[in-house]
There are 2 protein chains.
Amino acid sequence: MTASTGAEALLHTLVDGGVTTCFANPGTSEMHFVAALDAVPRMRGVLTLFEGVATGAADGYGRMAGHPAATLLHLGPGLGNGLANLHNARRAGTPVVNVVGDHATFHKPLDAPLESDVDAIAGAVSGWVRRSATPADVGPDTAAAIAAACGPPGQVATLLLPADASWGAGAAPAAVPAAPATQVTADADALESAAKALRGGERCVLLIGGDAPADEAALVAADRIAAATGAVLLAETFPARMVRGAGVPAVGRLGYVPDMAIHQLRGARHLVLVGARSPVTFFGYPATPSDLVPEGCAVHAVVPKGGAAAAALVALADLVLTGPAARVEAPRARAHRPEPPTGPLTVETAAAVVGALLPEGAVVVDEAVTSGIGLPAATAGAPRHDWLTLTGGAIGYGLPAAAGAALACPDRPVWCLQADGSAMYTISALWTHAREGLDVTTLVYSNAAYAILRMELLQVGASLQGDGGGQRARALFDLGTPTLDFVSLARGMGVPAERARTADELASALRRAGSEPGPHLVEAVVPPLVP
Amino acid sequence: MTASTGAEALLHTLVDGGVTTCFANPGTSEMHFVAALDAVPRMRGVLTLFEGVATGAADGYGRMAGHPAATLLHLGPGLGNGLANLHNARRAGTPVVNVVGDHATFHKPLDAPLESDVDAIAGAVSGWVRRSATPADVGPDTAAAIAAACGPPGQVATLLLPADASWGAGAAPAAVPAAPATQVTADADALESAAKALRGGERCVLLIGGDAPADEAALVAADRIAAATGAVLLAETFPARMVRGAGVPAVGRLGYVPDMAIHQLRGARHLVLVGARSPVTFFGYPATPSDLVPEGCAVHAVVPKGGAAAAALVALADLVLTGPAARVEAPRARAHRPEPPTGPLTVETAAAVVGALLPEGAVVVDEAVTSGIGLPAATAGAPRHDWLTLTGGAIGYGLPAAAGAALACPDRPVWCLQADGSAMYTISALWTHAREGLDVTTLVYSNAAYAILRMELLQVGASLQGDGGGQRARALFDLGTPTLDFVSLARGMGVPAERARTADELASALRRAGSEPGPHLVEAVVPPLVP
């Protein structure tokens, strides 16, 4: 490879390292990268209209592809706009090569209007950060970023790229280091201790996370352990990716609502953690303990989050399932779909429609929030599919992640199950759905409220003087004045859309969406779960 | 005042300190603030659907009100979403009390899903940051935040509020410290040196910024100096607020395009800075110097940015305008409007329509970017108005700032002149326009391109191999596939909208918008400035 500019070295290093999709929202400092795109046809540049769409798409892409996409962001404010979905990617352990252009090195000290402390912002959300000083650094730094992003564990690796490192000559592509970080595996003692607990006959909970919920063999191993020992098997509350559906062991998730999680863990004498962190509540509350481990319960951490959880479950099953137990089969979810319901549209009937129609091999991006309550049960027997959840709690991940998932899996239908309030954070992702012709069906649950906040208000309510639900407080959770019209919004960005007010209309609309190529949006008008 | 919760102390301290508008996008950690709203009717809580709308609105509010609004953001990701417009507020010197809820102190160490390094993110964009440790701290910390925000100079003051400091008892409101920071004024030597330069007969440029462009007396003083001495008077490229129109001295601005700025400053032997920073290019370029001060030009910094620039200009005029010069009058812009043009809609005819119809007392929020090129000339003789610009270069400020300006000035019409690409970053601000019934007329220049990036590509082009304008590169600046339909987008958020394809249609649409209460959007279909 001949010497080239930093931008060219960046592009060649990325594509040679397997990073062939770049979600971009570029500006002047990234101009040379953009200008070099025509010389590197292996790189697919995907334009987004907002950086949060770029980073959310990179998250969805990385979760499904198993290798990173790149982003291309513009200085500190661009990184700021992308921060929330990088936060989710960080929590998911998604590999992301996060490229942030910065001012030229000679320009940076001048404190020009767009100058900011981009290093501090990057540090807050990245597992790895490096700033290329010269064009010659760009190739090796990019290679190191790819290696860091891939891990294991996967992480957000941020490369800060001064404009002159990008436009300057004397760069060359570099190869990604061959020896990646070693994934943390279970040690023999931890496995033995967990196996002993599981075999001991006391009430056990087996909580799995990390790479396990996406791995059918790991789910089978975990479910066999549960079947043989009576342990309660749960996946972490928000798995990055979970394989589900007919023929796959049906594994429930630890509840988001503290009372539900407390109920699920009640009476446990042993909590075995495989790739999951010790459970805590999502928020701290005045009258609820944050630590969900029941009193007197021993915690057995077999593999930390980010470690080789799937492999550890298989090893754990070998230890636990000896003697007659070795023949225990994992129960698999039987193929079963709800009948498409008729009549009024509610979160329950909407869930049944989804369960009835979810296509074979679908990727489900779930940001349905409170409207999604019936979805797991309704889809457990649907054809095999993958389910992505909001790992970091930073809302606005659904529509962008759906774009990324569709680009990672062009032969699979993507269903984005999306709450209305959170949809608005990154609504311009719909334009990218249309521009790239993605097979994404978005179902927006339009309940005209931040219903989750009404629920949270109840959760904190005991500590309030009065009920806290006065008219002016409630107004801050109300999205109904004026009503958001998602059909207009989608059409305004080139996505065909229709509105469903009954279960039958929802089924018809989803069938139509599935029968046509490209993206669609269906607005399902549902009553809020919490009135 | 009786003891109360931290949230109550926060609210009472804010309203007692003159902060009576809060742009909120709350979550669970801010629930107690929200719940307390009903007890404090003096606080107007304004819901936004995205944090970048809240922070941009606070910027627009602060620029027009002269005192801060508060924000209410949710943890690190919420602050991240609000970062870009806080960056603009920081560059504008806008007073903002930026309240960011955080996890309860006992919950924070548990690294729950939404945990992040919010302190680092806050530090990157705030002039002042404090974290309240206990409920008792909240009152005094809030008072200190208000004082810090107000300055002078105005700044972003971020208060990090753990949920338990908010819900806990034992708090009490506090009074804002009476003695604010002292504004930096010009010292006598600097004034004398500048006056000598101005009187010396060599070519001088007087560059003004900070609080001067918004102050008619300062503009009069500056313009009299220029008239008497032959100095070239310019305002900084992106003033936070500038008073303009018939009867006000017409002051041009230093160009954004480097060649234009170089032309404006060419031959200057003295550059007198009053509230403006020494000029640098917006970006660094391979073949253009970043420092715009011509060689051999002496720089006289009379007052730094953020200092008392308006007062310094009046003092400087007194020093310069002695003898016969004391009678020099400042030329004022005469009342003059372009004829409303007919025929095709272009950036030039659109500017003429704006100049013909801009109402008396308007607040103009200008994020027209390349489509705004003809606006200053076309509006110079329009009725008196204020003009707000994109101070920090972080796009997506226009629609939110318009909301804030309208809330700060309920009796003045707000015109938001908005480019299409940048509109999409914070498009949900339109919903807040509708919800609050704001008198905002938004004119979206729909040129279906990031035209500024096409221009910037030309600017860096000399350093590219080839012209860099290949098809795949250009695709990343193209917004036309699919075309954004802003009429649909606006209607989807409850804002009446129409599309104008001719100059006549634009004039009719703007007249209709002005004749009806509440917000309106007009999409003006214009060819891009750079094809």
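Residues numbered from 1 in each chain as written. Chains lettered and ligands numbered in written order. Predicted model: local features only at pLDDT ≥ 70, side-chain atom pairs only at ≥ 80, totals over all residues. Heavy atoms only, no water.

### A few points about empty space enclosed by the protein
Short version of the rule: Here a cavity denotes grid points, spaced 1 Å and computed from the protein atoms alone, that fit a 1.4 Å probe unable to get out, and a pocket denotes an open set having protein on both sides within 12 Å along at least 5 of 7 lines; residues with an atom within 4 Å of a point are the lining. Grid points are joined across faces, edges and corners, and a volume is the space filled by probe spheres set on the points. Three residue categories are used. Nonpolar comprises Ala, Val, Leu, Ile, Met, Phe, Trp, Tyr, Cys and Pro, charged comprises Asp, Glu, Lys and Arg, and polar comprises the others, including Gly.
Tallied over the full model, the rule gives 11 cavities of 30 Å³ or more. Here the largest cavity is characterised by a volume of approximately 80 Å³. Its residues assigned to classes, the lining of the largest cavity shows eight nonpolar, four polar and no charged.

### Some points on the relation of the copies chain B and chain A
Put simply, the rule is: Superposing copies: least-squares fit, C-alpha atoms only, residues required to have pLDDT of at least 70 in both. In what follows, residue pairs with any heavy atoms lying within 4.5 Å of each other are defined as contacts.
Structural alignment of chain B on chain A gives an RMSD of 0.0 Å, achieved by rotating through 180° and translating 0.0 Å along the axis. What the superposition gives is, in effect, a two-fold axis relating one chain to the other. Looking at chain B, 100% of its interface residues are interface residues in chain A too, so the copies touch through the same face.

### Let's talk about unusual backbone geometry
Residue and element names in this part refer to chain A. This is how the line gets drawn: Note on conventions: DSSP H or I runs of at least 4 residues are helices, E runs of at least 2 residues are strands, and numbering of each starts at the N terminus.
A cis amide bond links Gly151 with the next residue in sequence, Pro152, at an omega value of 5°. Its location among the elements puts Pro152 in the loop between helix H6 (135–150) and strand E6 (156–162). Note the cis peptide between Thr481 and Pro482, where omega equals 0°. A positive phi angle, close to 60°, is found at Leu75, a residue other than glycine.

### A few points about the interface of chain B and chain A
The condition that has to hold: By definition, the buried area sums, over both parts, the 1.4 Å-probe accessible area that each loses when the two are put together. The rule for a salt bridge is simple: a side-chain nitrogen of Lys or Arg has to be within 4 Å of a carboxyl oxygen of Asp or Glu.
Chain B puts 97 residues into the contact, and the matching count from chain A is 97 residues. For the pair chain B and chain A, the two sides together bury roughly 8000 Å², of which 65% comes from carbon and sulfur. For chain B, the biggest contributors to the area lost against chain A are Pro113(B), Arg472(B) and Leu476(B); these three give 9% of the whole. Between Asp111(B) and Arg277(A) there is a salt bridge whose closest N-O contact spans 3.2 Å. The set of elements that each furnish at least two residues to the side of chain B that touches chain A consists of helix H2 (31–36), strand E2 (44–47), helix H4 (75–92), helix H5 (118–123), helix H16 (429–435), helix H17 (451–460), helix H18 (471–475) and helix H19 (486–492) of chain B. Residue composition of the side of chain B that touches chain A, grouped by class: 51 nonpolar, 31 polar and 15 charged.

### A short note on the pairing of E6(A)
Successive side chains on a regular strand alternate, one facing one side of the sheet and the next facing the other. All names here are of chain A. The condition is simple: Each residue's exposure class comes from its accessible area (1.4 Å probe, protein chains only) as a fraction of the maximum for that residue type: buried when under 20%, exposed when over 50%, partly exposed otherwise. Following DSSP output, two strands are said to pair if at least two bridges run between them.
Of all the seven residues making up E6, seven are buried; the element is thus mostly covered by neighbouring parts of the structure. Side chains Val156, Thr158, Leu160 and Pro162 of E6 all project onto a buried face; the interleaved residues Ala157, Leu159 and Leu161 project onto the opposite face, where all are buried too. Pairing of strand E4 (residues 96–102) with E6 involves seven bridges; the strand directions are parallel. Counted as the bridge partner of Asn98 is Thr158 from E6.

### Observations regarding the packing of helix H3 (residues 51–65) of chain B against helix H14 (residues 398–408) of chain B
Residue and element names in this part refer to chain B. Quick note on the threshold: To define axes, lines are fitted to C-alpha atoms, for helices over the stretch in contact only, and angles between the resulting N-to-C directions are given on a 0 to 180 degree scale. Each angle is binned into one of four classes, with values under 35 degrees roughly parallel, values over 145 roughly antiparallel, values of 65 to 115 roughly perpendicular, and all other values oblique. Here a crossing is taken to be left-handed if its near helix is turned anticlockwise relative to the far helix by less than a right angle, and right-handed if that turn runs clockwise.
Relative to each other, H3 and H14 sit at 45°, their axes nearing to 6 Å. Considering their axes alone, H3 and H14 lie oblique with respect to each other. Regarding H3 and H14, the two cross each other, and that crossing is right-handed. Residues Gly52, Val53, Gly56, Ala57, Gly60, Tyr61, Met64 and Ala65 of H3 pack against Pro400, Ala401, Gly404, Ala405, Leu407 and Ala408 of H14. Residues of the contact of H3 with H14, tallied by class, amount to 10 nonpolar, four polar and no charged.

### Quick look at the state of the cysteines
This is how the line gets drawn: A pair of sulfur atoms, both from cysteines and within 2.5 Å, is called a disulfide here.
What the rule picks out here adds up to zero disulfides over all chains. Between Cys204(A), a cysteine without a disulfide, and Cys297(A), which holds the nearest cysteine sulfur, the sulfur-to-sulfur distance is 8.2 Å. Free cysteine Cys416(B): the closest other cysteine sulfur is in Cys409(B), separated by 15 Å. Judged by its relative accessible area of 0%, Cys416(B) falls in the buried class.

### With respect to the sheet that holds strand E3 (residues 69–74) of chain A
Strand pairing within a sheet occurs via backbone hydrogen bonds; the two strands may be parallel or antiparallel. Residue and element names in this part refer to chain A. Strand order in the open sheet made by the six strands is E2-E1-E3-E4-E6-E5, with parallel pairing throughout. Of all strands in the sheet, those bounded by a partner on one side alone are strand E2 (44–47) and strand E5 (128–131). Adjacent strand axes in the sheet meet at a mean angle of 20° when their direction is disregarded. Relative to the sheet, helix H3 (residues 51–65) contacts strand E1 (21–24), E3 and E4, its axis offset from that of E3 by approximately 170°.

### A short note on the confidence of the model for chain A
Keep this limit in mind: Note on scores: pLDDT gives the predictor's confidence for each residue, bounded by 0 and 100.
On average, residues of chain A score 95 in pLDDT, and 97% of them are at 70 or above. In the predicted assembly, ipTM is 0.97 and pTM is 0.97.

### What about the packing of aromatic side chains?
Put simply, the rule reads: Here is the rule: rings of Phe, Tyr and Trp (six-membered ring for Trp) pair when centre to centre is within 6.5 Å. Planes less than 30 degrees apart are stacked, more than 60 are edge-to-face, and the remainder are tilted. Geometrically, a lysine NZ or arginine CZ counts as sitting over a ring once it is within 6 Å of the ring centre and also within 35 degrees of the ring normal.
Under the counting rule described, the total for this entry stands at 15 aromatic pairs over all chains. A centroid spacing of 5.9 Å and a plane angle of 85° characterise the contact between Phe50(A) and Tyr425(B), whose relative ring orientation is edge-to-face. Taken together, the positions of Phe50(A) in the loop between E2 and H3 and Tyr425(B) in the loop between helix H15 (420–423) and H16 put the pair across two chains. Classification of Tyr425(B) as buried rests on a relative accessible area of 6%. Centroid distance Phe238(A) to Phe282(A): 5.8 Å. Interplanar angle 75°. Geometry classified as edge-to-face. You can see Phe238(A) sitting in the loop between strand E8 (232–235) and strand E9 (242–244) and its partner Phe282(A) sitting in the loop between strand E11 (270–274) and strand E12 (298–303), a full 44 residues away along the chain. By relative accessible area, which is 22% here, Phe238(A) ends up partly exposed. Ring pairing ties together the aromatic residues Phe50(A), Tyr425(A), Phe50(B) and Tyr425(B), which thus form one cluster. Over the ring of Trp387(A) we find Arg244(A), and its NZ or CZ is 4.9 Å from the ring centre.

### Points about the sheet that holds strand E14 (residues 385–388) of chain A
All names here are of chain A. The strand order E9-E14-E13-E15-E16-E18-E17 describes an open sheet built from seven strands, whose pairing is mixed. Looking at which strands have only one partner, the edges of the open sheet turn out to be E9 and strand E17 (497–500). Within this sheet the neighbouring strands show an average axis-to-axis angle of 20°, counted without direction. Here three bridges tie E9 to E14, and the two strands are oriented antiparallel to one another. Bridge pairing in E14 links Val243 to Asp386.

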